[in-house]
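Geometric and topological summary
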Amino acid sequence: MKIQHFFDPDTFTLTYVVFDEKTKDALIIDPVLDIETASGKLTDISTQKVLNFLKSENLKPHYVLETHAHADHLSSSQLFKKYYPAIKVGVSERIKAVQEVFKGVFNLTDFAADGSDFDYLIKDNEVFSAGTIKVQALPTPGHTPACTSFVIDNNVFTGDALFMPDYGTGRCDFPMGSASHLYDSVQRLYALPEETNVFVGHDYQPEGRELKYQTTIGESKAKNIQLKAATSKNDYVSFREARDKTLKA
């Protein structure tokens, strides 16, 4: 099993392609659709980088998986259908709760909010296959209600639940976010074997350091600056809620 990362410096987002070198089966996690914020112009520069890699390796992508609905970047998941018509876009079935909230926020009167915009609604702890690749959906809500981490072999893709140890965890002040729920979710991650590789959804490069996107469960438990294994729930929730009050919308 191999993993190729792609980094979008405008949104500090990591996209991953996970693939089996022998069978060429593959899946994509959290692809980015580029937007020029000043004009609102959309481009597919990041998408083309992923597509070029898929073609160069002769890969067969079965899924585009979203760890959650993203507030800081657009998703290019639907664009992959133009090139791979059989590909399915998957997200946690808890996306329906997120859609219901934003249906009211944006007054989307004709919006079904039933998850039908996605091809595959994933159940908590479900195990499914992308060809020869086995994926377990580990529920990790808190940043949003629909956050899910994907466990593949000895790797876990944590989205915005858990970042590199020198940055911490995701914010929890979005609608229906919960620091208490995120604490419980990280404990679920920390129950994985310590040698499990953690691939994060963003790297904000604190103090201008070089890009880092991979750590381990053991390193996170020992060194995460916001939530170590020994951190109490009360301490974390107090910290997270206080910090979130200082962040821009």
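Up top is the structure these notes are about.
Described below are features of the structure shown in this document. (Residues numbered from 1 in each chain as written. Predicted model: local features only at pLDDT ≥ 70, side-chain atom pairs only at ≥ 80, totals over all residues. Heavy atoms only, no water.)

Taken in spatial order, the three strands make up an open sheet running β5-β4-β7, and their pairing is antiparallel. Each edge of the open sheet is held by one strand with a lone partner, namely β5 (41–43) and β7 (74–75). Where strand β4 (residues 32–36) lies against β7, two bridges are found, and the strand directions are antiparallel. Its bridge partner lying in β7, L33 is registered against L74. (Pairing = 2+ DSSP bridges. Helix = DSSP H or I, 4+ residues; strand = E, 2+ residues; numbered from the N terminus.)

Let us look at the pattern of salt bridges. All chains considered together, the criterion is met by eleven salt bridges. The salt bridge involving K221 is made with E194; its shortest N-O contact spans 3.1 Å. With a gap of 27 residues between them, K221 in helix α5 (residues 217–223) and E194 in the loop between α4 (179–190) and β14 (197–200) connect regions that are remote in the sequence. Here D244 and R240 are joined by a salt bridge, their closest N and O atoms 2.7 Å apart. Here D244 and its partner R240 are both found in helix α6 (residues 233–244), four residues apart, which amounts to about one turn of the helix. Looking at D244, the relative accessible area reads 7%, which means it is buried. Here the residues in one salt-bridge network are D166, D203 and R209, joined through shared partners. (Salt bridge = Lys/Arg side-chain N within 4 Å of Asp/Glu carboxyl O. Buried < 20%, exposed > 50% of the residue type's maximum accessible area, 1.4 Å probe, protein only.)

This part takes up the packing of α4 against α6. Remark: α4 packs on α6, axes separated minimally by 9 Å, with the N-to-C direction vectors making an angle of 130°. When the axes of α4 and α6 are compared, the pair comes out oblique. For the pair α4 and α6, the crossing hand works out as right-handed. Seen from α4, the contacting residues are A179, S180, L182, Y183 and D184; seen from α6, they are K233, Y236, V237, R240 and E241. Here the contact of α4 with α6 is composed, by residue class, of five nonpolar, one polar and four charged. (Axes fitted to C-alpha atoms, helices over the stretch in contact; angles between N-to-C directions. Parallel < 35°, antiparallel > 145°, perpendicular 65-115°, else oblique. Left-handed = near helix turned anticlockwise from the far one by under 90°. Contact = heavy atoms within 4.5 Å. Nonpolar A, V, L, I, M, F, W, Y, C, P; charged D, E, K, R; others polar.)

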